[in-house]
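# Notes for the structure review
The lines below spell out each chain.
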Amino acid sequence: MTGSAVGVSDGARRRPAPLLTPYVRSYEGYRLDGFPPGTHLGMPSPEVTVILTISESVELSRGDGRSPERFDALAGGLSTQPVQIVHHGRQHGIQLSLTPAGARALLGVPAAALGPWAVDLEDVIGADGRELFDRISATASWDERFAVLDRILTRRVVRARSTSPDGHLVHAWHLLVADPARPVRAVADELGWSRRHLANRCAAEFGLSPKDVARVARFDRSRRILRADPGRRLADVAAECGFYDQAHLARDWRDLAGVPPSRWLEDEVFPFVQDDEGVPGRHSET
C-alpha cells in the first residue's frame, strides 16, 4: 500500500490462468481512497475493457450534460473517443483487458457488438455476470478474487461456441496493431483482399476501420511510453510509435484523447484504469 496527504492506494496485477491467456491480457485490481473528486479519462485502447466494481459503482459520463451512467460491472468495446469516468475520490474494483478473441470467447459476441460505449456485463453474459460481481464483492483478497475470475472465465471458454475471429482477421489485427505505420493497402494485399473488403470485415468484427485500429494502437503505445517516462521528448515518442512526426502525434492526441499529452500528464491524478505501466499500489499522489 502507498499513501500521501492526498490519498492512499493499493492493488495487484495477475496474469490469468493458462487457458485464458489468448483471451485476457491481464487482471488488474485497484483500491484508491482519499483522492480529490474529479474526472478520469479512460483512453482509447486496442483492448476490450471489462470492469467489476467492489465497493461502489463506476460512473461514466458522455460529457453532454446528461447524468452519468452507473455500472456495477461493465464491458466496453473499442472506440476512438475517451470515456469520462466520474469519481468521488475513491474507486475499488478489477479491470480485465480482453483481446478481440476474448470478446468472442468470454462475452460471446464480437467486439463490434459492444459498440463504442459501455454495456452492463450482465446484459452480455447473463447469470455469469451477476455471479462474477457477487463472488468478487464478497471475497477479501486479490488472490481469491483472481481465482474466482479464473474459475468462471475458464468455464465460459470451455462452453464457448466461437473462441476466435476468422483467421484472416486475426492476422490483419496483428499486422495493424504490431506495426501501426504499415499502410492499410499493404495489409489488404497480404491477405489477398481488397481494401473495401478489409474495411467491411474489420468494422463488423472490431467496430473500427483498419485505419482506426492502427491509430488507436499507435496512440496507445505513445500513452504507455509517456506514462512510464513523462520526460521523454515528444519527437522521440512520435518516431518510436510510428507517427510521421510530432505534429502527427499531436493531431492524433487531439482527436483520440481530446487533450494534448502535456495536459493529460498534468491533469491525470487517478491512473488506475487502463494504466498498464504500474500496479496502483506502486503509485502515490503528492
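Residues numbered from 1 in each chain as written. Predicted model: local features only at pLDDT ≥ 70, side-chain atom pairs only at ≥ 80, totals over all residues. Heavy atoms only, no water.

Per an unreviewed UniProt entry, the protein carries the name Helix-turn-helix domain-containing protein and comes from Rhodococcus rhodochrous.

### Thoughts on the nonpolar core
Residues L96, L106, L107, L121, L132, L149 and L198 are the most contacted members of the largest nonpolar core, which totals 51 residues. When residues of this core are assigned to their parent elements, the largest contribution, 7 residues, is made by helix 4 (residues 142-159). Ignoring anything within four residues of it in the chain, the contact list for L121 reads V50, L52, A73, L74, A75, L107, G126, G129 and L132. Within the second largest apolar cluster, 14 residues are counted, among which are I225, L249, W253 and W264. (Core = buried A, V, L, I, M, F, W, Y, C linked by side-chain atoms within 4.5 Å. Buried < 20%, exposed > 50% of the residue type's maximum accessible area, 1.4 Å probe, protein only. Helix = DSSP H or I, 4+ residues; strand = E, 2+ residues; numbered from the N terminus. Contact = heavy atoms within 4.5 Å.)

### Details of the UniProt feature "domain: HTH araC/xylS-type" (unreviewed entry) in the protein
Summarizing the sequence annotation, UniProt attributes the feature "domain: HTH araC/xylS-type" (unreviewed entry) to residues 184-267 in the numbering used throughout. Between the C-alpha atoms that bound residues 184-267 the distance is 34 Å, and the span itself is 77% helix and 0% strand. (UniProt positions renumbered as here; feature names shortened; annotations may be inferred.)

### Notes on the confidence of the model for the protein
In the predicted model, the protein carries a mean pLDDT of 89, and 91% of its residues have values of at least 70. When the criterion is pLDDT under 50, residues 1-5 qualifies, and its contacts beyond four places in sequence or with other chains add up to 15 contacts. Low confidence marks residues 272-286, where pLDDT is under 50. Its contacts with residues over four positions away, or in another chain, come to 56 contacts. (pLDDT = per-residue confidence, 0-100.)

### A look at the pairing of strand 5 (residues 48-53)
The side chains of a regular strand alternate between both faces of the sheet. Buried residues dominate strand 5, accounting for 6 of its 6 residues. Burial along strand 5 is two-sided: V48, V50 and L52 facing one way and T49, I51 and T53 facing the other are all buried. Bridge analysis of strand 5 against strand 10 (residues 91-98) gives 6 bridges, and the strand direction is antiparallel. Residue L52 lies in a different strand from strand 10, and its bridge partner there is I94. Both strand 5 and strand 8 (residues 73-76) contribute to a ladder of 4 bridges, which runs antiparallel. (Pairing = 2+ DSSP bridges.)

### Quick notes on the packing of helix 8 (residues 210-228) against helix 10 (residues 246-256)
Running from N to C, helix 8 and helix 10 point in directions that differ by 100 degrees, and their axes come no closer than 10 Å. In terms of axis orientation, helix 8 runs roughly perpendicular to helix 10. Packed against helix 8, whose contacting residues are R215, V216, R218, F219, S222, R223 and L226, the element helix 10 presents H248, L249, D252, W253, D255 and L256 at the interface. Grouping the constituent residues of the contact of helix 8 with helix 10 by class yields 6 nonpolar, 2 polar and 5 charged. (Axes fitted to C-alpha atoms, helices over the stretch in contact; angles between N-to-C directions. Parallel < 35°, antiparallel > 145°, perpendicular 65-115°, else oblique. Nonpolar A, V, L, I, M, F, W, Y, C, P; charged D, E, K, R; others polar.)

### Structural notes on empty space enclosed by the protein
For the coordinates displayed, the defined rule picks out 3 cavities of 30 Å³ or more. Its boundaries defined by the atoms lining it, the second largest cavity holds a volume of some 70 Å³. Lining the second largest cavity are V50, L52, L96, L98, L106, L107, L121, I125, L132, L149, L153 and R156. Counting only elements with at least two residues in the lining of the second largest cavity, the list comes to strand 5, strand 10, helix 1 (100-107), helix 2 (121-125) and helix 4. With 3 residues, the top contributor of residues to the lining of the second largest cavity is helix 4. Of the residues contributing to the lining of the second largest cavity, the split by class is 11 nonpolar, no polar and 1 charged. (1 Å grid on protein atoms, 1.4 Å probe; cavity = no way out; pocket = protein on both sides within 12 Å on 5 of 7 lines; lining within 4 Å. Points joined across faces, edges and corners; volume = space filled by probe spheres on them.)

### Things to note about the layout of surface pockets
Put simply, the largest pocket is a space of about 250 Å³. What lines the largest pocket is a set of 13 residues, and nearest its centre among them are P180, K211, R218, Y244 and H248. Only helix 8 and helix 10 provide two or more residues apiece to the lining of the largest pocket. Counting residues per element, the lining of the largest pocket draws most heavily on helix 8, which supplies 4 residues. Of the residues that constitute the lining of the largest pocket, the class distribution is 6 nonpolar, 2 polar and 5 charged. In this structure, the second largest pocket spans a volume of roughly 160 Å³. Lining the second largest pocket, in full, are R25, P46, E47, W173, V177, A217, D220, R221 and R224. Taken together, the elements giving at least two residues each to the lining of the second largest pocket come down to helix 5 (167-178) and helix 8. With 4 residues, helix 8 is the largest single contributor of residues to the lining of the second largest pocket.

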